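Here's the letter readout for the chains.
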Amino acid sequence: MLRGSRLCKIRSRTWHKERLYRLQEDGLSVWFQRRIPRAPSQHIFFVQHIEAVREGHQSEGLRRFGGAFPPARCLTIAFKGRRKNLDLAAATPEEAQRWVRGLAKLRARLDAMSQRERLDHWIHSYLHRADSNQDSKMSFKEIKSLLRMVNVDMNDMYAYRLFKECDHSNNERLEGAEIEEFLRRLLKRPELEEIFHRYSGEDRVLSAPELLEFLEDQGEDGATLARAQQLIHTYELNETAKQHELMTLDGFMMYLLSPEGAALDPAHTCVFQDMDQPLSHYFISSSHNTYLTDSQIGGPSSTEAYVRAFAQGCRCVELDCWEGPGGEPVIYHGHTLTSKILFRDVVQAVRDHAFTLSPYPVILSLENHCGLEQQAVMARHLRTILGDVLVTQALDSQNPEELPSPEQLKGRVLVKGKKLPVARSEDGRILSDQEEEDEEEEEAEATEQRRRAKQISPELSALAVYCCATRLRTLRPNPVPPQPCQVSSLSERKAKKLIREAGNSFVRHNTRQLTRVYPLGLRMNSANYSPQEMWNSGCQLVALNFQTPGYEMDLNAGRFLINGQCGYILKPACLRQPDTTFDPECPGPPRTTLTIQVLTAQQLPKLNTEKPNSIVDPLVRVEIHGVPADCARKETNYVLNNGFNPRWGQTLQFQLRAPELVLVRFVVEDYDTTSPNDFVGQFTLPLNSLKQGYRHIHLLSKDGASLSPATLFVHIRIQRF
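Quantities reported herein were computed from a predicted structural model and do not represent experimental measurements. (Residues numbered from 1 in each chain as written. Predicted model: local features only at pLDDT ≥ 70, side-chain atom pairs only at ≥ 80, totals over all residues. Heavy atoms only, no water.)

**A few points about the packing of aromatic side chains**
Thinking step 1. Going through the model one piece at a time under the given rule, you end up with 19 aromatic pairs.
Thinking step 2. Taking the centre distance of 5.2 Å and the plane angle of 75 degrees together, the rings of Phe-45 and Phe-79 count as edge-to-face. Here Phe-45 is found in strand β4 (residues 44-46), whereas its partner Phe-79 is found in strand β6 (residues 74-79), with 34 residues between them in sequence. The pair Phe-45 / Phe-79 is uniform in exposure class, with both members buried.
Thinking step 3. Ring centres of Phe-140 and Phe-163 lie 5.5 Å apart, and the angle between their planes is 65 degrees; this geometry places the pair in the edge-to-face category. (Phe/Tyr/Trp six-rings, centres within 6.5 Å; stacked < 30°, edge-to-face > 60°. Helix = DSSP H or I, 4+ residues; strand = E, 2+ residues; numbered from the N terminus. Buried < 20%, exposed > 50% of the residue type's maximum accessible area, 1.4 Å probe, protein only.)

If you want it as structure tokens, here you go:
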């Protein structure tokens, strides 16, 4: 891989081009050739941005266009975020295997790397690039270029003083140990040293009791002497110190940069919630127009969009079904220029990929525009392709109306669609299964609907077992028994109206049955709405355009970040009790104070990699997303020209009325006086999964990829009263 391979890139039936791909020396990125040379950053992709490597014809692209190449010679590299798949064919099966195995090994190694190792790797890769004549020695000019690359604009006098302090050979060149010393000084963390010395005292090492004192001040659950000893054995690098049960500053930094020192509670990263409650008691990660990879007017439809949604933990996907040629239903955004894909190909993608990340049930939300014949074809495909995975009858024949739990439905697929009324199921009752159109269009649409009203086929009706689509006209007063198996779909506008006008009645409705909310049809560019408002009322299936990055998808990723990223989050108790009095519009008095001290940031990414002199001026904003009375945002001042190790030391405080619903979003932006600030990185998580004390926040890019080694260092205090 380091020598490079000529691989054939496949884009269409006729577009097959040979390109050179070569692993870079750092083992973290791959350089590739392009027809027209671009800026250097446009010629590499990073191993940490790879979502999956698939062998053979395992992508939509290779299934459609790779016929001329034997599967044994083919591979697909799928990326996180919006980057398109890379479909490749090697000259021999052995060469394909070398890349498949090699990339798997590099990804595993990257996953196993500590933050400190990533940092070393990161700085050395820049060092290699800054050494312009590759003589392994660094002149002051090369050091200045290195500083700009890593996003720090250091005053020349200060930089030269640091350079000379390390130039022990006094020859205006740094080499070997001198370079290492320069890097060590550059990567110093004075704020960590200060905390370390506060607990270590005169001898500058932490004993196990001193580390225990730090853990207790951090508010760590289960802080014991044995725990402190265990941390020393895990993170201390110096063997002698380890034998004497002592922790040096290096070990302390290793600990604070590890997942155990992160803001996200490690105990919440696996499935830790009760999964035995009815489906209506969970928030369920849901996607709208799942088949689209771009906008809903002219974007391409693709089965890969389903694979991608499942890889992001999505559990409810949408299938917009229309009559297709040759008796085969197709999926696309009706009456637009979006391309079409076969219904059966999507069902196949569901079978192959639905349970790769999460074992919990998947809901197929059918928007059905087909006639009776093609509906029967849809039902046949669902049964034959999904087999036993498909739920075709109630699990508990004694209580067919009760919603099962995610645990009972593990590994199963549910269909959400229209159900024929029992009495009239023979005549194929006239019904339409379109989502309610937005209010303005509703009247004209209703007449049109009646004119071309379609029937529901008994075969398809039979598959709607626990998710029977119904219209929510008004909220029933309490005496009428709830119907747990009915799901209503509401546009964001209708949902907002219900939240405003019905408040607590809507919350109670959502304790018993499922509600799906979808974006307004007017959002032509596939923009999203804030899901938080809908979660506040207990709506379970809050469907977003997964293909559109932005704060809305950050909130969705933050909400479903915990519980093993399994796509199901148990709603707070106030949204599960059938007689709850909770109303998101009137949440009561403040119950919690959240205090965040924003201390420093480390190694923020450079936004304009092609402009050596462009350095970020970072500021940090903390946003609270919860019930309307809790929503707030506060920010620090900006630090001029330093993305490498900016310091703020500013305190931001928030009063919270419904803490159990709060998401906290940390955002770093590049301040700009004349235009809107540029996004640098963010991290969002539920308040209930936020650890107290000194914590690192590991930042993510716009599309959710890791920006390692970029971190924020903060102190968090949560006071509940």
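From this point, things continue past the structure.
**Digging into helix α11 (residues 249-257)**
Thinking step 1. The buried count for α11 comes to 8 of 9 residues, which makes it a mostly enclosed element.
Thinking step 2. Within the span of α11, buried status applies to Leu-249, Gly-251, Phe-252, Met-253, Met-254, Tyr-255, Leu-256 and Leu-257.

**Details of the packing of helix α17 (residues 492-502) against helix α18 (residues 504-512)**
Thinking step 1. Taken N-terminus to C-terminus, the directions of α17 and α18 make an angle of 115 degrees; their axes are 6 Å apart at the nearest point. Touching Ala-495, Leu-498, Ile-499 and Ala-502 of α17 are Asn-504, Ser-505 and Phe-506, all from α18.
Thinking step 2. Residues that form the contact of α17 with α18 fall into these classes: 5 nonpolar, 2 polar and no charged. (Axes fitted to C-alpha atoms, helices over the stretch in contact; angles between N-to-C directions. Contact = heavy atoms within 4.5 Å. Nonpolar A, V, L, I, M, F, W, Y, C, P; charged D, E, K, R; others polar.)

**Here we look at the side chain of Asp-583**
Thinking step 1. Mapped onto the secondary structure, Asp-583 falls in the loop between β23 (568-570) and β24 (592-602).
Thinking step 2. Of note is the side chain of Asp-583, whose polar atom sits 2.9 Å from the backbone nitrogen of Glu-585.
Thinking step 3. For Asp-583, the residues in contact, after removing those within four places along its chain, are Gly-503 and Asn-504. (Polar contact = N/O pair within 3.5 Å; in protein donor to acceptor, adjacent residues only side chain to side chain.)

**Side note on the pairing of strand β14 (residues 316-322)**
Thinking step 1. With 7 of its 7 residues buried, β14 lies for the most part within the structure.
Thinking step 2. As defined by bridge partners, β14 adjoins strand β17 (residues 362-368) across 6 bridges and the pair is classed as parallel. What sits directly across from Asp-320, in β17, is Glu-367.
Thinking step 3. The sheet contact formed by β14 and strand β15 (residues 330-331) spans 2 bridges and is antiparallel. Paired with Trp-322 across the strands is Val-330, a residue of β15. (Pairing = 2+ DSSP bridges.)

**Focus: the packing of helix α3 (residues 115-130) against helix α6 (residues 177-186)**
Thinking step 1. Across the interface, α3 lies against α6 with an axial gap of 12 Å and an inter-helix angle of 125 degrees. Here α3 is positioned oblique relative to α6, judged by the angle of their axes. Crossing of α3 over α6 shows right-handed handedness. Of the residues in α6, those touching α3 at Ile-123, His-124 and Leu-127 are Ile-179, Glu-180, Leu-183 and Leu-186.
Thinking step 2. Its residues placed into classes, the contact of α3 with α6 shows 5 nonpolar, 1 polar and 1 charged. (Parallel < 35°, antiparallel > 145°, perpendicular 65-115°, else oblique. Left-handed = near helix turned anticlockwise from the far one by under 90°.)

**Regarding the UniProt feature "domain: C2" (unreviewed entry) in the chain**
Thinking step 1. In the UniProt entry, the feature "domain: C2" (unreviewed entry) is given for residues 572-701.
Thinking step 2. A helix fraction of 0% and a strand fraction of 45% characterise residues 572-701, whose end C-alpha atoms lie 29 Å from each other. (UniProt positions renumbered as here; feature names shortened; annotations may be inferred.)

**Some words on the confidence of the model for the chain**
The predicted coordinates ought not to be read in detail in places where the model reports low pLDDT.
Thinking step 1. With 93% of its residues at a pLDDT of 70 or more, the chain shows a mean pLDDT of 90.
Thinking step 2. Contacts of residues 436-453 to residues separated by more than four positions or lying in other chains number 27 contacts, the stretch itself having pLDDT below 50. (pLDDT = per-residue confidence, 0-100.)

**What to know about the sheet that holds β4**
Thinking step 1. Spatially, 7 strands are ordered β4-β3-β2-β1-β7-β6-β5 in an open sheet, and the strand pairing comes out antiparallel. Bordering the open sheet on either side are β4 and β5 (50-55), each of which pairs with just one other strand. Across this sheet, the average inter-strand angle for adjacent strands is 30 degrees, counted without regard to direction.
Thinking step 2. As judged from the 3 bridges shared by strand β3 (residues 29-32) and β4, these two strands associate in the antiparallel manner. Within β4, the position partnered with Trp-31 by the bridge is Ile-44.
Thinking step 3. Set on the sheet, helix α2 (residues 93-112) makes contact with β1 (5-10), β2 (16-23), β3, β5 and β6; between it and β5 the angle comes to about 150 degrees.

**What to know about α18**
Thinking step 1. Within α18, the full set of buried residues consists of Asn-504, Phe-506, Val-507, His-509, Asn-510 and Thr-511.
Thinking step 2. Structurally, α18 contributes buried residues whose contacts are with β20 (486-491), α17 and β21 (515-518).

**What to know about the state of the cysteines**
Thinking step 1. Within the structure shown, the criterion is met by 0 disulfides.
Thinking step 2. The thiol of Cys-370 is not disulfide-bonded; the next cysteine sulfur, from Cys-321, is found 5.7 Å away.
Thinking step 3. Here Cys-485 stays free of any disulfide, with the sulfur of Cys-468 as its closest cysteine sulfur at 5.9 Å.
Thinking step 4. Classification of Cys-485 as buried rests on a relative accessible area of 4%. (Disulfide = S-S within 2.5 Å.)

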